Amino acid sequence: MTRSRRAVPRARRLHLIGAAALAMAAVAATACSAQTAGAGSGTVRTDVARTNVQTSIAWGACPPLAQGATRNPGQKCGTVTVPLDYQHPDGKTITIEVSELATAKPGKMRGYLLLNPGGPALEGLNMPSTMAPTLPASVLDEYDLIGFDPRGVGVSTPMSCGLSQSFAGTFPYPAADGSITQNVAQAKAAAEDCAKIGGELQYFTTANTARDMDRIRMALGVPKISYWGQSYGTYLGAVYTTLFPQHTDRMVLEGNVDPNDVWQQQIQLWNQGMNDRFPDAARVAAADNAQLGLGSTVAQVTSTFLTLASRLDNKPVAVPGANLSLNGALLREVTYELLLHDSTLTTLAQFWKASADLSAGKAPTAADAAALEQAFADLNSPGSANVPADNQVSMTLALICGDVSWSRNVASYATATAAARAKYPLSDGMPDNIWPCAFWSKAPIEPPVKVTSHGPRDILLLQNRRDNATPWAGALGMAQALGSRAGFVGVDNGGHYVYGTGSACADQATVAFLTKGTLPAKPLYCPGPQS
């Protein structure tokens, strides 16, 4: 699960993790087709009768921003009306809020670049404004940037389960003694809360979001659309190009999910992802041992962290000025979040030192206070105007529980969590623990989309070697699923984002693909950023 684009994270939110199938003939206005999703899994409808299709967007002012947020004054917004249930396209409809940042050189424009920041369920309406400063003129001249809040997210018919903040704010770490009893109760309560809002939530799935994307394409009036998806957005893109390969232009997938191993198995990859990424931060801390006192080697810093997490599990401490209690779970969660960006590794090391001092009863230094403030500032940051506080968490659950069925065997989660705690102490068993999906009231409305290598070669995969949110193994799964459809760029770096984080090799490959359509003939492995 992920939060925001590339800058230091702005809101403490779940961050998961952040496609090709049978090629279809061009779809006429009333065409209909289907795809088999694998033995025993039923069928996935790739399209339905296209009635009441919106063929234009009335661009105007955008909805109010969250406090402190900014956007490019040239960004415009509008809405696209789509079916709630694509199996009943003439039934109830919902609205998708869409944005556009047009090229300054329309004579050079080659198409639209649709953007999604992942999450799952991150708001993407403002993404054209945040992406544009990172892109060269060669890309901005050729594309209108298109953002959108996916169905149920942000201002696109926002959904809320009415979840308590105690559930919405944390990952399911077990108790200090390894018990998952409280996790089971919280997961069951959250599933019951989501069940209370009625049956409509079952239609807020990745496959339906992909169908919404094609409605956006039709409203823009183009036969094909390009796409850039990050984290969960890689899975969304893979599903889109599976369902609509003939409407896919150029697709960039950054920080990849294994599309045929969602979602329980994908989350379990966080165990190895944390093992791969943590040493990057430990090295930063070890290099400043004279000031931090956490250890002079990666092994020593790791031992210090594990000891501190255990101590906070058993005896949480108050954080001065923050009105919250720092326990082992929150220490681990902040660590997970600050590992997403290389730019926050120094802050993370200082945060560990500040946490250790608080646990030892010491008053924080000025540097400690600054690190604590940065680590916890987003906890109370305001969300978008008129959007429920639990919107992203509610929609994350709708997606990961509605896309595919999870095990309902509570005892199996206890066993798996205990085994993972022993094998991967940095993650403390959390990735194997129980989620509300184990108690979800509705079965998925359709099987997950099976991603294959059928389709044109029009996809670029970008992946860091040490990504704790969407680990390397997931990217290999995406590459295997897409086969010859995709070019692969791997970077010897940590963190969740590839483009614009210091690898000229990866940046050049991305720009060449978007502007010229060129893909690496074989996997391209780039060195990490040079300090």
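Residues numbered from 1 in each chain as written. Predicted model: local features only at pLDDT ≥ 70, side-chain atom pairs only at ≥ 80, totals over all residues. Heavy atoms only, no water.

## Re the overall build of the chain
In terms of regular secondary structure, the chain is built from 17 helices and 13 strands. As displayed, the chain offers around 19500 Å² of accessible surface, 54% of which is attributable to carbon and sulfur atoms. (Helix = DSSP H or I, 4+ residues; strand = E, 2+ residues; numbered from the N terminus. Areas by Shrake-Rupley, 256 points an atom, 1.4 Å probe, with all protein chains shown as cover.)

## Notes on the pattern of salt bridges
This structure, assessed with the given rule, holds 20 salt bridges. Notably, a salt bridge pairs Glu 100 with Lys 76, separated by 3.3 Å at the nearest N-O pair. Of the two residues, Glu 100 sits in strand β4 (residues 93-101) while Lys 76 sits in strand β3 (residues 76-83), which places them 24 residues apart along the sequence. Note on Glu 100: relative accessible area 5%, which makes it buried. Lys 76 gets classed as partly exposed once you look at its relative accessible area, which sits at 31%. Bridged by salt links that share partners, the residues Arg 277, Asp 280, Arg 283, Asp 342, Arg 466 and Asp 492 form one connected network. (Salt bridge = Lys/Arg side-chain N within 4 Å of Asp/Glu carboxyl O. Buried < 20%, exposed > 50% of the residue type's maximum accessible area, 1.4 Å probe, protein only.)

## Concerning the nonpolar core
Counting residues in hydrophobic clusters, the biggest one holds 119 residues, and the most contacted among them are Phe 351, Trp 352 and Phe 376. No other element matches helix α12 (residues 345-359), which puts eight residues into this core. Ignoring sequence-local partners within four residues, the contact set of Phe 351 consists of Leu 326, Leu 331, Val 334, Ala 371, Leu 372, Ala 375 and Phe 376. (Core = buried A, V, L, I, M, F, W, Y, C linked by side-chain atoms within 4.5 Å. Contact = heavy atoms within 4.5 Å.)

## Some details on the sheet that holds strand β5 (residues 111-116)
Pairing is mixed across the open sheet formed by nine strands, whose spatial order is β3-β4-β6-β5-β7-β8-β11-β12-β13. The open sheet has two free edges, formed respectively by β3 and β13 (524-526), since each of these has just one partner strand. Between one strand axis and the next, the sheet turns by 20 degrees as a mean value, whatever way the strands run. Note that β5 and strand β7 (residues 225-230) share four bridges and pair parallel. (Pairing = 2+ DSSP bridges. Axes fitted to C-alpha atoms, helices over the stretch in contact; angles between N-to-C directions.)

## Topic: helix α5 (residues 206-220)
Each full turn of the α-helix corresponds to 3.6 residues, which orients residues three or four apart in the same direction. With 15 residues, α5 should reach 21 Å at 1.5 Å per residue; the first-to-last C-alpha distance of 21 Å fits that figure. Within α5, 15 of the 15 residues are buried, which leaves the element mostly enclosed by the surrounding structure. Once α5 ends, the next one or two residues include Gly 221, with phi positive near 80 degrees. (Expected span 1.5 Å × (residues − 1).)

## With respect to the packing of aromatic side chains
Enumeration over the complete set of coordinates arrives at 15 aromatic pairs. Counting every residue linked through ring pairs, the aromatic cluster contains Phe 171, Trp 270 and Tyr 336. Above the plane of the ring of Phe 204 lies Arg 151, whose end atom (NZ or CZ) is 5.6 Å from the centre. (Phe/Tyr/Trp six-rings, centres within 6.5 Å; stacked < 30°, edge-to-face > 60°. Lys NZ or Arg CZ within 6 Å of the ring centre and 35° of its normal.)

## Focus: the pairing of strand β6 (residues 143-148)
Burial runs high along β6: six of the six residues are buried. Neither face of β6 is open: one carries Tyr 143, Leu 145 and Gly 147, the other Asp 144, Ile 146 and Phe 148, and all of them are buried. In the sheet, β4 pairs with β6 via four bridges, with the strands oriented antiparallel. Considered in β6, the bridge of Leu 101 is made with Leu 145. Strand direction decides the pairing type here: β5 and β6, joined by four bridges, are parallel.

## Let's talk about the confidence of the model for the chain
Atomic detail in the predicted coordinates should be set aside for any region of low pLDDT. With 88% of its residues at a pLDDT of 70 or more, the chain shows a mean pLDDT of 90. Predicted confidence for residues 3-14 stays below pLDDT 50, and this span has 61 contacts to residues more than four positions away or in other chains. Segment residues 17-41: pLDDT under 50, and 92 contacts once partners within four positions in sequence are set aside and those in other chains are kept. (pLDDT = per-residue confidence, 0-100.)

## What about the state of the cysteines?
For the structure on display, the rule yields four disulfides. The residue that forms a disulfide with Cys 161 is Cys 194, at a sulfur-sulfur distance of 2.1 Å. What sets the handedness of the Cys 161 and Cys 194 disulfide is the S-S torsion sign, and at about 105 degrees it is right-handed. Separated by 33 residues along the polypeptide, Cys 161 in the loop between β6 and α3 (165-168) and Cys 194 in helix α4 (residues 181-196) bring together distant segments of the chain. Since its relative accessible area comes to 3%, Cys 194 is described here as buried. Here Cys 401 is linked by a disulfide to Cys 437, with a sulfur-sulfur distance of 2.0 Å. An S-S torsion of about -75 degrees defines the bridge between Cys 401 and Cys 437 as left-handed. Note that Cys 401 is positioned in helix α14 (residues 391-402) and Cys 437 in the loop between α15 (410-423) and β11 (459-466), a separation of 36 residues in sequence. Taking the relative accessible area as the measure of exposure, Cys 401 reaches 3% and is therefore buried. (Disulfide = S-S within 2.5 Å.)

## What to know about the side chain of Asp 85
If you trace the backbone, Asp 85 turns up in the loop between β3 and β4. For the buried Asp 85, which has no salt bridge, the nearest side chain bearing the opposite charge is Arg 211, at an N-O separation of 7.3 Å. Polar side-chain contacts of Asp 85 include one of 2.8 Å to the side chain of His 88. (Lys, Arg positive; Asp, Glu negative; His and termini not counted. Polar contact = N/O pair within 3.5 Å; in protein donor to acceptor, adjacent residues only side chain to side chain.)

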